[in-house]
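So the chains spell out like this:
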Amino acid sequence: MAKNNGKMVEAITSMDEDFAKWYTDICKKAELVEYTSVKGCMVIRPYGYAIWENIQRILDTMFKERGHENVCMPMFIPESLLQKEKDHVEGFAPEVAWVTHGGSEKLEDRLCVRPTSETLFCEHYANIVHSYRDLPKLYNQWVSVVRWEKTTRPFLRSREFLWQEGHTIHETADEAIWETERMLDCYAEFCEKSLCMPVVKGRKTDSDKFAGAEATYAIEALMHDGKALQAGTSHYFGDGFARAFGIQYTSRENKLEYPHQTSWGVTTRLIGAIIMTHGDDNGLVLPPAVAPVQVVIVPIAQKKEGVLDKATELYEKLKACGLRVKLDDSDNSPGWKFAEYEMRGVPVRVEIGPKDIENGQCVVATRFNGEKAVVSLENNLETFKDTVIDLIENVVPEGMFNKALENRKNKTYQCKTMDEIIKALEEKGDGFIEAMWCGEEECEDKVKEVTGVGSRCIPNEQHELSDVCVCCGKPAKKMVLWGKAY
RNA sequence: CGGGGCGUAGCUCAGUUUGGUAGAGCGCUUGGUUUGGGACCAAGAUGCCGCAGGUUCAAGUCCUGUCGCCCCGACCA
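Residues numbered from 1 in each chain as written. Chains lettered and ligands numbered in written order. Predicted model: local features only at pLDDT ≥ 70, side-chain atom pairs only at ≥ 80, totals over all residues.

**Q** Quick rundown of the overall build of chain A? Include the residues and the values.
**A** When its secondary structure is counted, chain A shows 14 helices and 23 strands. Computed over the C-alpha atoms, the radius of gyration of chain A is 25 Å, within 12% of the 23 Å expected from 2.2 N^0.38 for a compact globule of 486 residues. Its C-alpha atoms give chain A principal-axis dimensions of roughly 80 × 55 × 50 Å. When the 486 residues of chain A are sorted by exposure, 42% land in the buried category. Once local pairs closer than 6 in sequence are excluded, the contacts in chain A between residues at least 24 apart make up 68%. (Helix = DSSP H or I, 4+ residues; strand = E, 2+ residues; numbered from the N terminus. Rg over C-alpha atoms; globule rule 2.2 N^0.38 Å. Buried ≥ 20, exposed ≤ 12 C-beta atoms within 10 Å, placed from the backbone. Contact = placed C-beta atoms within 7 Å.)

Structure follows, in structure tokens:
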């Protein structure tokens, strides 16, 4: 007996009903993660990890094109080392995990499990940087870090998470600032091209910058529910860390100088961003560039003669082009397979059955918009191959990006007064607010207190909405992007 | 760290009010019939009822404690 009157997926909570539950449903049902007995520590399952591996591969290539080298630092930081930079330790101390014993021996200097590795890189740079000839160093590492969060959610906020952290050190401030901006651009390009996720590049306000940084830049994305998510950060440190850790080099003018540093990172949170940017009530929708399976082939009536042979032919054709293809010849019904791969976000599905074979065609369905098209199998499968490649490389990425951009546009509101902010949020729901700001922390706090939205960043791309601060009415310095954040 | 919810089969949950043989649906295994949107029949397997004490002839159920998870806030990638 059919139990689901036309409803394709019975198991997922709908987005409108409960977005948070929809999110965790997808994480579990698409087999991205599983919880463990340690709060905030997730098993990233093969399908979820494969997404991360694709993110890693693409980003790592981009880093290497820009001259970065990978290294690996220890996971432990002695307390004495962590203490060296005042702002840094104050920022991170509340959320570090401590190792206090080695076996049964109590440690003299307890060790923190790295929440981030600035201190380790600084200690190392102090050892290896002596001359301007040693600069720059463009280092990166792919590791996990630990932050003892109170509230945890898969991918968005876990106690241990995977990330990359780039740490660079340069002769001049200009060079370091250039590096900071270049890496922010690198992240934005990756998010927009590979993840099909539009982002706003901007600078964090002073109250929101990284502990120990002179300036923090970020890319901000808007999720489907109208909440903002910081998708990546890039920090300029000036010579503050160098001074705290005693890193000095002899310059071209034979003078002792402090070098200038940067750090930048993205995390497995990006997987959360993908889910909440593109997902729908049928499940995950994956950008082709990072989808573990880009095309799934579903044979219909597969026991009938010739069906599996033809399906295998299609599989081999696509495989030979370097696509990540899966042929599902399991005993599950076609309907089950359709729903399953939609849940898992596979960008393109190919259906092939006896009727198709008779007509020399197949059906190609596109996940993000649900469209189905009949495609010819004539011409030695060339037309078919070209159609699928065009979908994976062009049609789907562009379509997904535009859909996400459209959603962001519909949820971005320009406001001149606090009342307008409150009204916009009430009438249209959560989203980005663009509003002018005088630069005072007092006003920033008040906007958050009164309207509920905090400053996300000061966008690089500015437009003048008004010449006075949305809060105090004094002359405005910058347009700020505000929002409720994850 | 505040507020709320929940711990019983792999999953979703019933059973707790009023103590008395451990349950359902889904999933899983085997065999068969099916296959264009989560198929059907038959036969199976699966439980420290979160954990520790206590009350009782008897505890999934009552009492005390404890641990964990989820959601909403404050903080963070």
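Now that the structure has been shown, the text picks up again.
**Q** Please set out the domain arrangement of chain A residue by residue, giving values where relevant.
**A** The accessible area lost on association of the parts is a frequent measure of interface size. Along its sequence, chain A is carved into domain 1 (19-278), domain 2 (295-392) and domain 3 (412-483). When each unit is reduced to the centre of its C-alpha atoms, the spacing between domain 2 and domain 3 is 49 Å. (Domains from an automatic or database assignment.)

**Q** Hey, could you go over unusual backbone geometry for me, with residue numbers and the actual values?
**A** With omega at -5 degrees, the peptide bond leading from Leu 135 into Pro 136 counts as cis. Take Pro 136: it is sitting in the loop between α5 (118-128) and β7 (137-146). Phi is positive for Asn 254, which is not a glycine, with a value near 60 degrees.

**Q** Quick one: what's the story with the packing of helix α13 (residues 418-428) against helix α14 (residues 441-451), residue by residue and with numbers?
**A** At a minimum axis separation of 10 Å, α13 and α14 run at an interaxial angle of 40 degrees. Here α13 lies oblique to α14, going by the angle between them. The hand of the α13/α14 crossing is right-handed. Contact residues: Met 418, Ile 421, Ile 422 and Leu 425 in α13; Val 447, Val 450 and Thr 451 in α14. Tallied by class, the residues present in the contact of α13 with α14 amount to six nonpolar, one polar and no charged. (Axes fitted to C-alpha atoms, helices over the stretch in contact; angles between N-to-C directions. Parallel < 35°, antiparallel > 145°, perpendicular 65-115°, else oblique. Left-handed = near helix turned anticlockwise from the far one by under 90°. Nonpolar A, V, L, I, M, F, W, Y, C, P; charged D, E, K, R; others polar.)

**Q** Break down the sheet that holds strand β16 (residues 325-327) for me, with residues and values.
**A** One open sheet accounts for five strands, arranged β16-β15-β17-β18-β19; its pairing is mixed. Strand pairing shows two members of the sheet lacking a second neighbour, β16 and β19 (372-376), which therefore form its edges. Between one strand axis and the next, the sheet turns through 25 degrees on average, direction left out of account. Sheet analysis places strand β17 (residues 348-352) next to strand β18 (residues 361-366), joined by four bridges and oriented antiparallel. (Pairing = 2+ DSSP bridges.)

**Q** I'd like to hear about the protein's contact with RNA strand B, residue by residue, with values.
**A** Close contacts around RNA strand B come from 49 residues, with Ala 20, Lys 39, Gly 335, Glu 351 and Gly 353 the closest. Those elements that provide at least two residues to the surface near RNA strand B are α1 (19-29), β11 (228-238), α10 (334-343), α11 (354-359) and β18. The greatest single-element share of the surface near RNA strand B, amounting to eight residues, is contributed by α10. (Near = placed C-beta within 6 Å.)

**Q** An account of the sheet that holds strand β20 (residues 412-414) is needed here, citing residue identities and associated values.
**A** With mixed pairing, eleven strands are arranged side by side in an open sheet as β3-β7-β8-β14-β11-β10-β9-β22-β23-β21-β20. Of all strands in the sheet, those with a lone pairing partner are β3 (69-70) and β20, marking the two edges. Pairing of β11 with strand β14 (residues 260-267), which is carried by five bridges, proceeds in the antiparallel orientation. Within β14, the position partnered with Ser 234 by the bridge is Trp 264.

**Q** How would you explain the confidence of the model for chain A if you had to name every residue and give the values?
**A** A residue-level look at chain A finds 98% of positions with pLDDT of 70 or above and a mean pLDDT of 93. Predicted confidence is poor over residues 1-10, with pLDDT under 50, and the contacts of this stretch with residues over four places away or in other chains come to seven contacts. With pTM at 0.95, the complex prediction returns an ipTM value of 0.85. (pLDDT = per-residue confidence, 0-100.)

**Q** Now, about α1: what can you tell me, with residues and values included?
**A** Within α1, the full set of buried residues consists of Trp 22, Tyr 23, Ile 26 and Cys 27. Axial view of α1: buried residues confined to an arc of 135 degrees, hence all on one face. Summarising the contacts, the buried residues of α1 are in contact with β1 (33-35) and α8 (269-278). After α1 finishes, the residue Glu 31 shows a positive phi value of roughly 60 degrees. (Arc of directions from axis to C-beta.)

**Q** Explain helix α9 (residues 307-319) to me, and be specific about the residues and the numbers.
**A** Residues that lie three or four places apart on an α-helix share one face, since the helix turns once every 3.6 residues. Taking 1.5 Å per residue as the helical rise, α9 with its 13 residues ought to reach 18 Å, and the 18 Å between its terminal C-alpha atoms agrees with that figure. Looking at α9, one finds that the buried residues are Ala 311, Leu 314, Tyr 315 and Leu 318. Down the axis of α9, the buried set is contained in an arc of 100 degrees. They therefore lie on one face. Opposite the buried face of α9, at more than 90 degrees from it, the exposed residues are Asp 309 and Glu 316. Buried-residue contacts for α9 involve β15 (295-299), β16, β17, β18 and α12 (382-410). (Expected span 1.5 Å × (residues − 1).)

**Q** Before we move on, can you summarise the environment of Ile 247 with the specific residues and values?
**A** Relative to the helices and strands, Ile 247 resides in the loop between α7 (240-245) and β12 (249-250). We classify Ile 247 as buried; it has 24 C-beta atoms within 10 Å. For the pair Ile 247 and Gln 294, spaced 47 residues apart in the sequence, the C-alpha separation amounts to 47 Å. Ignoring sequence-local partners within four residues, the contact set of Ile 247 consists of Cys 122, Tyr 125, Ala 126, Val 129, Ala 242, Tyr 258 and Pro 259.

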